[in-house]
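So the chains spell out like this:
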Amino acid sequence: MQFMITQLHDPQDCPKDIGGFRKVLINEKVKGLKLKNIYVEHGSHTIVYIVETDDYNNIVAFLEPGMMTCTSSITPVSSMTMAEIMKK
Ligand SMILES: [Zn+2]
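Residues numbered from 1 in each chain as written. Predicted model: local features only at pLDDT ≥ 70, side-chain atom pairs only at ≥ 80, totals over all residues.

> Where do I start with the sheet that holds strand S4 (residues 70-77) in this structure?
Hydrogen bonds along the backbone pair up the strands of a sheet, which may run parallel or antiparallel. Pairing is antiparallel in the open sheet, where 4 strands are placed in the order S2-S3-S1-S4. In the strand order of this sheet, the two ends are held by strand S2 (34-41) and S4, each with one partner. Within this sheet the neighbouring strands show an average axis-to-axis angle of 20°, counted without direction. Strand direction decides the pairing type here: strand S1 (residues 2-9) and S4, joined by 8 bridges, are antiparallel. Looking at the pairing, Gln7 lines up with Ser72 of S4. (Pairing = 2+ DSSP bridges. Helix = DSSP H or I, 4+ residues; strand = E, 2+ residues; numbered from the N terminus. Axes fitted to C-alpha atoms, helices over the stretch in contact; angles between N-to-C directions.)

> So what exactly am I meant to see when it comes to the nonpolar core here?
Note on soluble globular proteins: their nonpolar side chains tend to be buried together. Phe3, Phe21, Leu25, Ile26, Val30, Leu33, Ile47, Tyr49, Val51, Phe62, Leu63 and Cys70 form the largest nonpolar core, which has 12 residues in total. For this core, the secondary structure elements donating two or more residues are strand S3 (46-52) and helix H2 (56-63). Top contributing element to this core by residue count: S3, with 3 residues. The residues contacting Ile26, other than those within four sequence positions of it, are Phe21, Phe62, Leu63, Pro65 and Gly66. (Core = buried A, V, L, I, M, F, W, Y, C linked by C-beta atoms within 7 Å. Buried ≥ 20, exposed ≤ 12 C-beta atoms within 10 Å, placed from the backbone. Contact = placed C-beta atoms within 7 Å.)

> Whenever I open this one, the pairing of S1 confuses me. Can you help?
The side chains of a regular strand alternate, first on one face of the sheet and then on the other. When S1 meets S3, the two strands line up antiparallel, connected through 7 bridges. Following the sheet pairing, Met4 is matched in S3 by Ile50.

By themselves, these are just geometric observations and shouldn't be taken as functional.
Right, dumping it as structure tokens:
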């Protein structure tokens, strides 16, 4: 299944000067989870991840590094391409 994760941190916790969000806020090495895309909205300190996994525990492990400085919402989303959706 594919999920959209919206992760928000406070400006005082911004990781831009301490290695960046990929080092501080997420664990990209979780087995069974594929990080498919990332979108960053700098003005609101919000990062959106598209991940694919069949196990919710993998999402928990993915977000664990930023657990104490971020809030995250996790939403299941379609894994169909736009072309596949338009055919229906
Ligand atoms: Zn930030």
